[in-house]
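What the coordinates show
If you want the building blocks of each chain, they are given just below.
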Amino acid sequence: MKRGYYDVFVRTCAIYPSNIAIRQYNNGYYSTYTYSELYGICEYISQNLQQLNCTKGIVGLISERNIIVPCVIAAAHKSCTTFMFLDPSQDLESIINEIKFNFIISIKTTENDSNTLLNRRPDKSIVVFNLTLHIFNFQLSSTNSQYGPEYSFIAMTSGSTGDPKHIQVPIQCIQPNVDDLTKLFDITQEDVIYFSTPLTFDPSMIEILLTCINGASLLIAPEKPDILFPGNTQNAITFWQTTPSKFFQFSNADIRNKIFSPQSTLKVLALGGEPLNGIIRLKELKHVQNKTKLFMLYGVTEMSCWASVAELDLNKIISDLEVPLGNCLSETDIIVERFKETSDTGKIVLMSKTRKCVVLNKCTGTEEQSSLKFVDTGDIGEIRNGTIYYRGRRDDIIKRFGHKVNLQHIEIVIMQCPRVKTCSCVWVPKPFLLVVYFSSESLTSQELSDFLKCKLDDKHWPDKIIRVDNLPTNSHGKISRQMLAQMFEKVQPLPQSVSSLKVLLLKELKVSLNKTFIYDEIKDKDFFSLGGTSFLAISMCNKLSLTCPEFGKFILPYLLTQKSTIDQVMQTALKELHMENKTKKRLKRTRSTSESHFSASHSIKKIMETSSSSNPVDFIVAWSFDTGKCVDASPTLFQHGYKLYVTVGSHSGKIVVVDAISGLMQGLIKVKSRVEASVYCCNEAPLTAPCGIVGAHDGTIVCFKLENCVEIWRINIGFMIKSKATFCKGQFYVAAYDGSIRCIDAMTGKIILTINVADQAISADLVLAKKEFILLGTLSGVCASTHIETKIIAWRGTLSSPVFAAPVLYDNDKYVIFAEVNGEIHCRTVEKGIKIWKYQGAKGNIFSSLFVKEIDKLRWQIIFGCHDNKVYCINIKNFQPNLNWKTQLSSPVYSTPCSLSDKLIIAASNNGILSVLEAETGIVIADYQLPNETFSTPAVYGDYIFIGCRNDNLYAIKYVLNL
């Protein structure tokens, strides 16, 4: 194949010119297109590409399944060497920036035509049938040196088992699959192959190539059995490749009476892409006279597409555990690397000398850049009598209260329950819940729970069992545990009646006001007369918003007016929000106290299980340590061996190291002046043990062993130090109030060099970037970068006010952000200080440093506290900062917010209140009051929060999420 898929296409068009290549169903009618017609379309598209000088590189195809897909990819291979399908719903901008296409073709129906892409107009547009092709030339700005210059396509993994990858698949890698499956499935020119797989999922190429090589027909139609198996069998499908999850979404009646009926035209059903859990259901629904052959396909995109195939004899296979991986396809070997010599199980590895793919977006070195000949699938296999059986993924095995639990084992047992259609078992790490989602036409959650308690030991019993109409699948048609876990975390219980809403409000009033009463005692009083405050109203309504968002947001202004009684607020809310009507609708659909249903958009309509705690987050003081005076410094955590320690300095001059779990002091260092800087912990060469270094107000710098607080050296530079040090290549770097940075030998404490940066003090922490630059801000408004090798200022900029906040890095240390005290935030490049963007939306002074969180590729979230009592969250996308939310707290926020979990952050107000906020919305879901003020930034590890307080104590606070 000198010109890749184009040669295959042309040869088929020559052999079968009058055969129907494409059949398309539309509102009861079928349109058909022959190979000779498609050949003309292919040449027309390729001519237009050649007119734009499209002769090399990668062509991106933004398209859904349509009648000209075979023509377009043939034209792409005639003009270039590689193409990649892009889903219009994907984040196209990030993929385009990463892959660096030479050309992009956007295919749309003429009625839904929009002719721009990334604010660009097409270089050429052509119309074919009812489709418009917009061609964009990216050649001038794009070069991609990672991909190989061979005829291929680029596939994208779904991300269901890890981060999504871009895989370059040469034609010679997938061609052996097509040859083998043609023989195995007996594909001929008479077959009608269902075009069921999304184009971004590499099995779609199997469907296209099986059709094209054999002169068969490709059917484009909705996934409805009545359409796929019509009374007129001329357009009925004979071959169907899909995932088990997609197949098992069909009702028992459709599978029994249409797909597996005695009259079914389906010769082959090939299931692949994920484990097959449902053998019992297949056995029950397949008619004894049905002649459909069942196959199970196994493979990974990294060696696209399939590695093995097994024909399933339902008369011999009793359970899902007996489904084999089957026989290896040509030019492919499967081995199981045993975990132990005596073990029958091990990791599944694919090997091939010829079927080599390239992972484009995971290349970190020459070894990884080479084509893949050896693929660790991440799956577990068991060898029995020379046959390999799939036994789940390595990350299916989780630790639950000290016991190993295999999620796939639970799913297999669930599928033994006769009335279950599909299921998925999900481990939600916080708050350590084992959740089962299942779909069934008649089985209740309680019935399934009773079944599992008979079949499983107690360590495998689910915490929650939730029934759904259909399990949601990702874009490739696979059930995603990650998606289910995220959906579970987002779902909050809804009140089911007016009375339960009153009970909820009464409960939160009691908690917020710390009083006991009944509804009738307070219904004629306003919130403030009961002892409420503005802060308590906001806090309470935030909590109510977790359970009933509309209600919590609606009542807040009424509570704050002091003119409405509690009962008036309640009645107004019920009337304005029509809560009673909505509740009645929900109640009619209630079936079980632990059931839930998903809509077509995969959103949860109801969930019946409520939190056992009245608070979303409970706080417990694990221990506190008295340092003698205020603790304004931020604690630093470090781990040595199996132990976790926390170290912090105090105004008393004490620097303590404490066991983070027990609170027992491990050691103490004393200096003659107060310590406000954080301890920098280091365990890099030439240091022989973990060491800490910190500066004090009187200019003392002390370096000590963290295990036992044995002092290594101590010096005094004569200038105040409030900045946290940093370390690189055997040297500590410490900034002081004379505007200079000292470069100090880590072993001896000898000052090697003093680098003068500015004429005023440096208070902000130093930040190391790329192990090459030190970034800093000064009280004179200077922002600067020091080059470590040359010890000179790489660049220096001037801001309009002092900088107290530490610089913060993002995007792999490419960019640095400075926050100046007047509220302005600036982004510059690390290496040259080039100005990138500026944010001026904060309405107060900024003393807090910034917390940066990557949301996805090319999008970041930046959170910081402000003197105006607010916490701000800004989103950075395409180098543009935009306010996402700002939340009012009860006092200024000088400490830096930090992450509590993927969904939550914690911010400490100066008045000592720790607030837990939702990262996406900024809603405060819980508060905890320290005994005094705090300027210390919390440090979080697991379910512990460590923070200093102005009552002289260092606190370890354990938190429990009840969400």
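Preceding this section is the structure that the text describes.
The following refers to the structure shown.

Thresholds applied
- Residues numbered from 1 in each chain as written.
- Predicted model: local features only at pLDDT ≥ 70, side-chain atom pairs only at ≥ 80, totals over all residues.
- Heavy atoms only, no water.
- Axes fitted to C-alpha atoms, helices over the stretch in contact; angles between N-to-C directions.
- Helix = DSSP H or I, 4+ residues; strand = E, 2+ residues; numbered from the N terminus.
- Parallel < 35°, antiparallel > 145°, perpendicular 65-115°, else oblique.
- Left-handed = near helix turned anticlockwise from the far one by under 90°.
- Contact = heavy atoms within 4.5 Å.
- Nonpolar A, V, L, I, M, F, W, Y, C, P; charged D, E, K, R; others polar.
- Pairing = 2+ DSSP bridges.
- Salt bridge = Lys/Arg side-chain N within 4 Å of Asp/Glu carboxyl O.
- Buried < 20%, exposed > 50% of the residue type's maximum accessible area, 1.4 Å probe, protein only.
- Patch = residues over 30% accessible without salt bridge, like charges linked within 9 Å, V, L, I, M, F, W, Y side chains within 5 Å.
- Areas by Shrake-Rupley, 256 points an atom, 1.4 Å probe, with all protein chains shown as cover.
- Phe/Tyr/Trp six-rings, centres within 6.5 Å; stacked < 30°, edge-to-face > 60°.

Side note on the packing of helix α2 (residues 35–51) against helix α3 (residues 69–79)
Two numbers describe how α2 lies on α3: the axes approach to 8 Å, and their chain directions differ by 40°. Considered as vectors, α2 and α3 are oriented oblique to each other. Crossing of α2 against α3: the hand is right-handed. Contacts between α2 and α3 involve L38, I41, C42, E43, I45, S46, L49 and Q50 from the first element and C71, V72, A74, A75, K78 and S79 from the second. By residue class, the composition of the contact of α2 with α3 is nine nonpolar, three polar and two charged.

A word on the sheet that holds strand β49 (residues 835–839)
Two modes of strand pairing occur in sheets, parallel and antiparallel, and in both the strands are linked by backbone hydrogen bonds. Taken in spatial order, the four strands make up an open sheet running β46-β47-β48-β49, and their pairing is antiparallel. Edge strands, defined here as strands with exactly one partner in the open sheet, are β46 (808–810) and β49. Each neighbouring strand pair of the sheet contributes to a mean axis angle of 25°, computed without reference to strand direction. Sheet analysis places β46 next to strand β47 (residues 815–819), joined by three bridges and oriented antiparallel. From the neighbouring strand, Y810 faces β47, where its bridge partner is Y815.

Some words on the environment of S94
You can see S94 is positioned in helix α4 (residues 92–99). Residues S94 and L858, spaced 764 residues apart in sequence, show a C-alpha to C-alpha distance of 6.8 Å. Setting aside residues up to four positions removed in sequence, S94 forms contacts with K857 and L858.

Things to note about the pattern of salt bridges
Inspection of the entire model under this criterion finds 26 salt bridges. K78 is the partner of E43 in a salt bridge, and the nearest nitrogen-oxygen pair spans 2.7 Å. A residue pair is termed long-range when its members are at least 10 positions apart, and E43 in helix α2 and K78 in helix α3 qualify at 35 residues. For E43, a relative accessible area of 13% corresponds to the buried category. Among the ionic pairs, K258 bridges to D226, the shortest N-O distance being 3.4 Å. Of this pair, K258 sits in helix α9 (residues 252–259) while D226 is found in helix α7 (residues 225–228), placing the two residues 32 residues apart along the sequence.

Concerning α4
All of the buried residues along α4 are L92, S94, I95, I96 and I99. The secondary structure elements touched by the buried residues of α4 are β3 (58–62), β4 (82–86), β5 (103–109), β8 (152–156) and β9 (166–170). A positive phi of about 60° marks K100, the residue just after α4.

Structural notes on the environment of T790
Residue position: T790 is located in the loop between β44 (782–787) and β45 (792–798). With 18 residues separating them in the primary sequence, T790 and E772 have C-alpha atoms 9.8 Å apart.

A look at a nonpolar patch on the surface
Together, I335, M351 and F374 line one region of the surface with nonpolar side chains, adding up to about 230 Å² of accessible area. On the accessibility criterion, M351 (31% relative accessible area) is partly exposed.

Examining the sheet that holds strand β41 (residues 751–756)
With antiparallel pairing, four strands are arranged side by side in an open sheet as β38-β39-β40-β41. Looking along the sheet, the strands with just one partner apiece sit at the ends: β38 (726–728) and β41. Adjacent strand axes in the sheet meet at a mean angle of 25°, parallel and antiparallel pairs treated alike. In this sheet, strand β39 (residues 731–735) lies alongside β38 in antiparallel orientation, the contact comprising three bridges. In the strand pairing of β39, F727 is matched with F732.

Observations concerning the packing of aromatic side chains
Counted by the stated rule, this structure contains 29 aromatic pairs. Between Y25 and Y30, the ring centres sit 5.3 Å apart and the planes meet at 70°, which makes this aromatic pair edge-to-face. Overall, Y25 belongs to the partly exposed group, its relative accessible area being 23%. When the centroid spacing of 5.5 Å and the interplanar angle of 70° are considered together, the rings of Y815 and F879 count as edge-to-face. Remark: F879 occurs in the loop between β52 (870–877) and β53 (880–888) and Y815 occurs in strand β47; sequence separation between them is 64 residues. For Y815, a relative accessible area of 12% translates into the label buried. Overall, F879 belongs to the partly exposed group, its relative accessible area being 38%.

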